[in-house]
Amino acid sequence: KRAFPLDVVLAESGNKALAIIEERGVPEIIISDYRMSDGDGFFLYQSLKERKLEIPFVLSSTNTKAAMKTKFPDIHGFIEKPHIIDSVVELVDK
């Protein structure tokens with residue numbers, strides 16, 4: 001098991017997240033909101049797949065897990081909003 005704290009890096013958009021990955025390297029996990037400007041969660045997910053980057057991807061959305069599983073069939077986790085911190089900790093520890 002991992003002990004917190006983790007090194008957390010924030011990006012406001014999918015494009016900014018990709019720029020951070022290019023600059024800092026591949027993170028251990030990505031927790032992404034579905035709705036973001038300048039590259040939403042689906043854009044980020046597809047971009048990572050196109051680059052063949054094997055990064056655990058956790059999606060957060062107000063949509064239901066069943067609805068999002070169709071668009072994101074192989075994500076590592078899903079967190080329905082509002083966020084419950086225990087859910088986030090559990091997914092990161094996996």
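The notes below deal with the structure included here. (Residues numbered from 1 in each chain as written. Predicted model: local features only at pLDDT ≥ 70, side-chain atom pairs only at ≥ 80, totals over all residues. Heavy atoms only, no water.)

## Brief notes about the sheet that holds strand β1 (residues 30-33)
1) Next: Pairing within the open sheet is parallel, and its 3 strands lie in the order β1-β2-β3. Lying at the two open borders of the sheet, with one neighbouring strand each, are β1 and β3 (77-80). With direction set aside, neighbouring strand axes in the sheet form an average angle of 20 degrees.
2) Next: Across the sheet, helix α2 (residues 41-50) lies against β1 and β2 (57-61), angled at about 145 degrees from β1, the strand it touches most. (Pairing = 2+ DSSP bridges. Helix = DSSP H or I, 4+ residues; strand = E, 2+ residues; numbered from the N terminus. Axes fitted to C-alpha atoms, helices over the stretch in contact; angles between N-to-C directions. Contact = heavy atoms within 4.5 Å.)

## Points about helix α1 (residues 14-24)
1) Next: Of the positions making up α1, those classed as buried are Gly14, Ala17, Leu18 and Ile21. Along the axis of α1, the buried residues cluster in a sector spanning 100 degrees; they form a single face. Residues of α1 that are exposed and point over 90 degrees away from its buried face: Glu23 and Arg24.
2) Next: The first or second residue beyond α1 is Gly25, which carries a positive phi of 100 degrees. (Buried < 20%, exposed > 50% of the residue type's maximum accessible area, 1.4 Å probe, protein only. Arc of directions from axis to C-beta.)

## Here's the deal with the layout of surface pockets
Empty space among the atoms becomes visible once a probe the size of a water molecule is rolled across them.
1) Next: Approximately 220 Å³ is the volume found for the second largest pocket.
2) Next: Together, Tyr45, Leu48, Lys49, Lys52, Leu53, Glu54, Ile55, Pro56, Phe57, Asp74, Ile75 and His76 line the second largest pocket.
3) Next: Class assignment of the residues belonging to the lining of the second largest pocket gives a composition of 7 nonpolar, 1 polar and 4 charged. (1 Å grid on protein atoms, 1.4 Å probe; cavity = no way out; pocket = protein on both sides within 12 Å on 5 of 7 lines; lining within 4 Å. Points joined across faces, edges and corners; volume = space filled by probe spheres on them. Nonpolar A, V, L, I, M, F, W, Y, C, P; charged D, E, K, R; others polar.)

## Digging into the nonpolar core
1) Next: Membership of the largest hydrophobic core comes to 15 residues, with the highest contact counts inside it found for Ile30, Leu44, Leu48, Phe57, Leu59, Phe72 and Ile75.
2) Next: Elements with a minimum of two residues in this core: α1, α2 and β2.
3) Next: If we ignore the near neighbours within four places in the chain, the residues touching Phe57 are Ile30, Ser32, Gly41, Leu44, Tyr45, Leu48, Phe72, Ile75, His76 and Gly77. (Core = buried A, V, L, I, M, F, W, Y, C linked by side-chain atoms within 4.5 Å.)

## Quick notes on the environment of Ser32
1) Next: Relative to the helices and strands, Ser32 resides in strand β1.
2) Next: Among the residues examined, Ser32 registers a relative accessible area of 3% and is labelled buried.
3) Next: Sequence separation of Ser32 and Ser61 is 29 residues, and the distance between their C-alpha atoms is 8.8 Å.
4) Next: Once residues lying within four places of it in the same chain are set aside, the contact partners of Ser32 are Gly41, Leu44, Phe57, Val58, Leu59 and Ser60.

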